[in-house]
Amino acid sequence: LELYREHYFKLGKQLIPCIAGLVVSILPGVDEQNEALQKNVYETLDLLSDTVGKRFFIGAVWMVTFKMQK
């Protein structure tokens, strides 16, 4: 998660084309039993949302969720 914060999130809006991949790679951490890690995952997702904008973030989450159901 630190790699994302240090290297990727600095790109700002340039992340929009790959946001779905970032969301897919971060979401499994939501299912972790370790509370500290889970909190870090949520903070990273919030930071990603702030970085690319809520609209793009929510769209990516919906797209990923829909594709995971198939």
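Everything that follows concerns the structure shown earlier in this document.
Residues numbered from 1 in each chain as written. Predicted model: local features only at pLDDT ≥ 70, side-chain atom pairs only at ≥ 80, totals over all residues. Heavy atoms only, no water.

Engineer: Mind laying out the overall build of the protein chain, listing which residues take part and the relevant values?
Structural biologist: Across its full length, the protein chain holds four helices and zero strands. When the helices and strands of the protein chain are placed in sequence order, the string is α-α-α-α. For the protein chain, whose C-alpha radius of gyration is 12 Å, the value lies close to the compact-globule estimate of 11 Å for 70 residues. Its C-alpha atoms put the protein chain at 35 × 30 × 15 Å along the principal axes. The buried share of the protein chain, reckoned over its 70 residues, is 30%. (Helix = DSSP H or I, 4+ residues; strand = E, 2+ residues; numbered from the N terminus. Rg over C-alpha atoms; globule rule 2.2 N^0.38 Å. Buried < 20%, exposed > 50% of the residue type's maximum accessible area, 1.4 Å probe, protein only.)

Engineer: Provide a residue-level description of the side chain of Ser49, including the pertinent values.
Structural biologist: Structurally, the position occupied by Ser49 is in helix α3 (residues 35-52). Not counting chain neighbours up to four residues away, the residues in contact with Ser49 comprise Lys54 and Phe57. (Contact = heavy atoms within 4.5 Å.)

Engineer: Describe the packing of aromatic side chains, and please don't skip the residues or the numbers.
Structural biologist: Using the criterion set out here, one finds one aromatic pair in the structure. Each ring, one from Tyr4 and one from Tyr8, has its centre 5.6 Å from the other, and the planes form 45 degrees; the classification is tilted. Of this pair, Tyr4 and Tyr8 are both found in helix α1 (residues 2-8), four residues apart, which corresponds to roughly one turn of the helix. Positioned over the ring face of Phe56 is Arg55, at 5.2 Å from the centre of the ring. (Phe/Tyr/Trp six-rings, centres within 6.5 Å; stacked < 30°, edge-to-face > 60°. Lys NZ or Arg CZ within 6 Å of the ring centre and 35° of its normal.)

Engineer: Describe in detail helix α4 (residues 54-69), supporting the description with residues and values.
Structural biologist: The α-helix winds at 3.6 residues per turn, so residues separated by three or four positions along the chain end up facing the same way. With 16 residues, α4 extends 23 Å from end C-alpha to end C-alpha; this agrees with the ideal 22 Å at 1.5 Å per step. Among the residues of α4, Phe57, Ala60 and Val64 are the ones counted as buried. Seen end-on, α4 carries its buried residues on one side only, within an arc spanning 65 degrees. Counted as exposed and oriented over 90 degrees from the buried face of α4: Lys54, Arg55, Trp62 and Gln69. Turning to α4, the residues buried within the fold contact α2 (19-26) and α3. (Expected span 1.5 Å × (residues − 1). Arc of directions from axis to C-beta.)

Engineer: With reference to specific residues and values, describe the packing of α3 against α4.
Structural biologist: For the pair α3 and α4, the least separation of the axes is 6 Å and the interaxial angle reads 125 degrees. The orientation of α3 relative to α4 falls into the category oblique. Between α3 and α4, the residues in contact are Leu45, Leu48, Ser49, Asp50 and Val52 and Lys54, Phe56 and Phe57, respectively. Split by residue class, the contact of α3 with α4 holds five nonpolar, one polar and two charged. (Axes fitted to C-alpha atoms, helices over the stretch in contact; angles between N-to-C directions. Parallel < 35°, antiparallel > 145°, perpendicular 65-115°, else oblique. Nonpolar A, V, L, I, M, F, W, Y, C, P; charged D, E, K, R; others polar.)

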